[in-house]
Amino acid sequence: MDDHAAFVRGLELLLPEVSGGRATVVATAGDGAQAAGVVRDAAPDLVLVDLHMPAPGGVQAITAVRAAAPRARVFAMSRGDDPEQALEALRAGAAGFLPKTGEPAELTQPLMAALAGWALLPAPLLNMLVERSRPAGTLPAAVQLDDEDRRLLRLIATGSSTNEIAGLLHVSERTVKRLTAALLRKLRVSSRTEAAALAGSAGLV
């Protein structure tokens with residue numbers, strides 16, 4: 001269900017091709033008011049809902065679709081980057097969220113995964129959900145930091161450069177980079193900035 005006719009037409013053409021005929025668009029709705037009736041008649045396996053579709057809107061459409069077709073898997077889409085809106089869609093019953101690009105082809109592989117039963121979330125949204133579920137002031141579950149890890153994390157959190165850390169630890173800059181990469185993997189973060197924020201929330205600095 002999408003209010004962009006060209007986007008919908010692109011999916012209608014691409015899905016049968018990439019799925020070997022196993023996936024087709026069986027129905028579309030132009031706004032949230034039509035959503036429930038359309039899915040009730042068409043009985044689809046997967047429903048895509050544009051969160052910016054005309055009133056009553058995408059989140060309300062998800063609720064209506066879930067009531068009309070409980071077995072259908074509903075995925076929200078949006079061109080925006082508002083994580084709160086994506087979370088509202090998940091609370092309404094969406095099984096995942098897909099960032100909507102200008103090209104339908106970029107959605108075909110995720111849609112095949114969705115049809116296979118996978119839940120789909122962009123990494124930033126997944127990280128937000130994980131962070132919100134983590135008790136305040138704690139490190140990620142199963143993370144074990146030794147004294148050297150903690151010292152390196154404190155140095156990163158206080159803004160020390162790679163060169164400065166190398167001098168303080170009496171190792172080469174290359175070793176610092178290797179140790180930092182290993183620490184980031186252990187903390188399940190992707191940058192020194194995220195590691196520093198985690199150190200602050202856990203009371204390590």
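All residue numbers refer to position in the chain's written sequence, counted from 1. Restriction of local features to residues with pLDDT of at least 70 applies here, the model being predicted, together with a cutoff of 80 or more for giving and counting side-chain atom pairs; totals for whole chains, interfaces and linings are based on all residues. To get the side-chain values, all heavy atoms of the structure are used, and hydrogens and water are removed first.

Enquirer: Describe in detail the overall build of the protein, supporting the description with residues and values.
Expert: Only DSSP runs of H or I with at least four residues qualify as helices, and only runs of E with at least two residues qualify as strands; both kinds are numbered from the N terminus onward. When its secondary structure is counted, the protein shows 10 helices and 3 strands. Along the protein, helices and strands appear, N-terminal first, in the series α-α-β-α-β-α-β-α-α-α-α-α-α. Note on classification: 1.4 Å probe, protein chains only; a residue is buried when its accessible area is under 20% of the maximum for its type, exposed when over 50%, partly exposed between these limits. Burial analysis of the protein (205 residues in total) assigns 39% to the buried set. Any pair of residues with heavy atoms lying within 4.5 Å of one another is described as a contacting pair. Of the contacts formed within the protein by residues at least 6 apart in sequence, a portion of 63% connects residues at least 24 apart.

Enquirer: Please provide a residue-by-residue account of the pairing of strand 2 (residues 73-78), values included.
Expert: On a regular strand, each side chain points to the face opposite its neighbour's, so the side chains alternate between the two faces of the sheet. With 5 of 6 residues buried, strand 2 lies mostly within the body of the structure. A pair of strands is treated as paired once DSSP finds two or more bridges between them. Note that strand 1 (residues 46-50) and strand 2 share 5 bridges and pair parallel. Opposite Val 49, over in strand 2, you have Ala 76 as the bridge partner. Note on handedness: a crossover is taken as right-handed if, strands pointing away from the viewer, the path from the first strand over the helix to the second is clockwise. Crossover handedness for the path strand 1 to helix 3 (residues 58-68) to strand 2: right-handed.

Enquirer: I'd love a proper account of the layout of surface pockets, names of residues and values included.
Expert: Buriedness of a pocket was judged along seven lines, with at least five required to meet protein on both sides within 12 Å; pockets are open sets of points on a 1 Å grid over the protein atoms alone, cavities are sets where a 1.4 Å probe fits but cannot get out, and lining residues have an atom within 4 Å of a point. Grid points are joined across faces, edges and corners, and a volume is the space filled by probe spheres set on the points. The computed volume of the largest pocket comes to approximately 500 Å³. Around the largest pocket, the lining comprises 25 residues; the ones closest to its centre are Thr 24, Val 25, Val 26, Pro 44 and Leu 46. The leading source of residues in the lining of the largest pocket is helix 1 (residues 5-18), at 4 residues. Charged means Asp, Glu, Lys or Arg here, nonpolar means Ala, Val, Leu, Ile, Met, Phe, Trp, Tyr, Cys or Pro, and polar covers whatever is left, Gly included. In the lining of the largest pocket, the residues fall into 20 nonpolar, 2 polar and 3 charged.

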